[in-house]
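So you can see what is in the structure, the chains are spelled out below.
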Amino acid sequence: MARNKIALIGAGMIGGTLAHLAAAKEMGDVVLFDIAEGMPSGKALDLAQAAPVEGFDAKLKGTKDYADIAGADVVIVTAGVPRKPGMSRDDLLGINLKVMKAVGEGIKAHAPNAFVICITNPLDAMVWALREFSGLSHNMVVGMAGVLDSARFRHFLAEEFDVSVKDVTAFVLGGHGDTMVPVLEYSTVAGIPVPDLIKMGWSTQEKMDAIVARTRSGGGEIVQLLGNGSAYYAPATSAIAMAESYLKDQKRLFPCAAHLTGQYGVDDLYVGVPIVIGAKGVDRIVEIELNEAAKAGFQISVDAVKELLVACKALDESLA
Ligand code: A3D
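Residues numbered from 1 in each chain as written. Predicted model: local features only at pLDDT ≥ 70, side-chain atom pairs only at ≥ 80, totals over all residues. Heavy atoms only, no water.

Visitor: What is the right way to read the overall build of the protein chain from this model?
Guide: Counting its secondary structure elements, the protein chain contains ten helices and 14 strands. The C-alpha radius of gyration computed for the protein chain amounts to 19 Å, which stays within 12% of the reference 20 Å derived for 320 residues, consistent with globular compactness. Dimensions of the protein chain, computed from the C-alpha atoms along their principal axes, are close to 55 × 50 × 40 Å. When the 320 residues of the protein chain are sorted by exposure, 52% land in the buried category. (Helix = DSSP H or I, 4+ residues; strand = E, 2+ residues; numbered from the N terminus. Rg over C-alpha atoms; globule rule 2.2 N^0.38 Å. Buried < 20%, exposed > 50% of the residue type's maximum accessible area, 1.4 Å probe, protein only.)

Laid out in structure tokens, this is it:
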């Protein structure tokens, strides 16, 4: 049986971390594609030389040629530019839309059967555009944001409750950005919902509000601290969990940017909702009953994504 093949489009900070994780977990052979001269091959060689020490079998290749991604089972896209301090994710729209066009066409020509995970920002608009340019079916193209946003939420909750992160589940809906909607009612410690924990005196509503606010601006906090570029360890590990669920048909339930066709009252838009990822790609979109506050927050988030799509369509006529 042939090994799986993982193609990483963009070999920058997240791309390199993805390559390390995919190879170390022996998820398959890894191709690092980038427009930068030499850099993807340098990273591939460096990682291949880590293999004897860590003890993993995976072939790694760096390339500038889309032909090398042929037959990829999974493609993870980070190509583009990240934020600098003071920039919003939406400031990246013009540059990264052009990148999505080139990447979408490359995937269409060489890896049309792959499960595609987009990470490039502004996420909800870029995954929509990437799907349009690649022409793949909607169930095979998703965006990574919710897994990361809920991981940030889980980390802050675990710290506040002084419990293992393993026992904290958290739920985040909506677009990736300041309008994301962390939902306390569906966030738990080993099944005990956060509102019950507040009643039990484990924390206060004020502290939870502060955690929600910190989760929403979690990416920006890291951009400020790094001074150059944005988060990459947690974004990479989040996308790897999604890729594994597809390759191993695990049917894990993750919040992801998925294409909605009427669910949650939204049509033809990619926005963060709970989905099940298995061998079919998006196996199911999970529609849950939201309380009024979450519904209102979700609608604000949907409107923000719609606005970005209008801007995308104005920038590229082929999308209109
Ligand atoms: P960076 O280290 O700059 O890597 C991006 C790479 O893309 C660079 O090596 C570029 O050379 C390459 N590139 C540019 N244009 C092309 C092209 N046309 N084809 C192929 N490669 C190209 O950035 P990064 O890895 O830190 O971040 C990558 C993207 O992920 C950015 O858009 C970030 O904003 C985004 N990001 C998203 C999240 C989410 O949760 C959604 C989190 C963190 C970062």
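Visitor: Sorry if this is basic, but what is going on with the side chain of Asp283 here?
Guide: With respect to the helices, strands and loops of the structure, Asp283 is situated in strand S14 (residues 281-285). Here the side chain of Asp283 touches Arg284 through a polar contact of 2.9 Å, side chain to side chain. Apart from the residues lying within four places of it in its own chain, the contact partners of Asp283 are Lys251, Val276 and Gly278. (Polar contact = N/O pair within 3.5 Å; in protein donor to acceptor, adjacent residues only side chain to side chain. Contact = heavy atoms within 4.5 Å.)

Visitor: Looking at this structure, I do not really get the sheet that holds strand S7 (residues 168-169). What am I missing?
Guide: Hydrogen bonds between backbone groups are what pair the strands of a sheet, and the pairing can be parallel or antiparallel. The strand order across the open sheet built from three strands is S7-S10-S11, with neighbouring strands paired in antiparallel fashion. Unpaired on one side and paired on the other, S7 and strand S11 (192-193) mark the two borders of the sheet. One ladder, built from two bridges, connects strand S10 (residues 188-189) with S11; its direction is antiparallel. Along S11, the bridge assignment pairs Thr188 with Pro193. (Pairing = 2+ DSSP bridges.)

Visitor: Could you clarify how one ought to interpret the site of the ligand in this entry?
Guide: Lining the immediate surroundings of the ligand are 26 residues, of which Met13, Ile14, Asp34, Val81 and Ile119 lie closest. One of the backbone nitrogen or oxygen atoms of Gly80 is found 3.2 Å away from an oxygen atom of the ligand. A distance of 3.1 Å separates an oxygen atom of the ligand from a polar atom in the side chain of Asn121. In the complex, the protein chains occlude 88% of the 870 Å² of accessible area that the ligand would expose alone. Broken down by secondary-structure element, the contributors of at least two residues to the shell around the ligand are helix H1 (13-24) and helix H3 (93-110). When its residues are assigned to classes, the shell around the ligand shows 16 nonpolar, nine polar and one charged. In terms of domain composition, the shell around the ligand takes at least three residues from each of domain 1 (5-144) and domain 2 (146-313). (Near = heavy atom within 4 Å. Areas by Shrake-Rupley, 256 points an atom, 1.4 Å probe, with all protein chains shown as cover. Nonpolar A, V, L, I, M, F, W, Y, C, P; charged D, E, K, R; others polar. Domains from an automatic or database assignment.)

Visitor: When you look at the pattern of salt bridges in this model, what are you seeing that I'm missing?
Guide: Should their charged atoms come close, side chains of opposite charge can pair. With the rule as written, the count across this model stands at twelve salt bridges. Between Lys25 and Glu244 there is a salt bridge whose closest N-O contact spans 3.6 Å. Of this pair, Lys25 sits in the loop between H1 and strand S2 (29-33) while Glu244 sits in helix H9 (residues 233-247), placing them 219 residues apart in sequence. Classification of Lys25 by relative accessible area gives partly exposed; the value is 41%. Glu244 gets classed as buried once you look at its relative accessible area, which sits at 13%. In this structure, the salt-bridge partner of Asp249 is Lys251, at a minimum N-O distance of 3.9 Å. The partly exposed category is assigned to Asp249, whose relative accessible area is 35%. (Salt bridge = Lys/Arg side-chain N within 4 Å of Asp/Glu carboxyl O.)

Visitor: What is the right way to look at unusual backbone geometry in this model?
Guide: Among all residues except glycine, the phi angle is most often negative; among peptide bonds, the trans geometry is most common. Residue Pro122 is bonded to the preceding Asn121 through a cis peptide linkage, with omega at -5°. For Pro122, the position within the fold is in the loop between strand S5 (115-118) and helix H4 (123-134). Notably, Glu26 is not glycine yet its phi reads approximately 50°, a positive angle. Inspection of the secondary structure puts Glu26 in the loop between H1 and S2. One non-glycine residue, Tyr264, adopts positive backbone phi at about 55°. Residue position: Tyr264 is located in the loop between strand S12 (252-261) and strand S13 (267-278). Here Tyr264 falls in the buried class, since its relative accessible area comes to 13%.

Visitor: I'm lost on the environment of Glu26 in this one. Help?
Guide: Of the residues examined, Glu26 reaches a relative accessible area of 44% and is grouped as partly exposed. Linking Glu26 and Lys59, residues 33 residues apart in sequence, is a C-alpha distance of 9.7 Å. Discounting residues that sit within four places of it in the chain, Glu26 has contacts with Gly55, Phe56 and Asp57.

Visitor: Help me understand the UniProt feature "domain: Lactate/malate dehydrogenase N-terminal" (unreviewed entry) in the protein chain, please; the structure alone is not making it clear to me.
Guide: The UniProt feature table records "domain: Lactate/malate dehydrogenase N-terminal" (unreviewed entry) at residues 5-143. For the annotated span residues 5-143, helix accounts for 42% and strand for 18% of the residues, and the straight-line distance between the end C-alpha atoms is 19 Å. (UniProt positions renumbered as here; feature names shortened; annotations may be inferred.)

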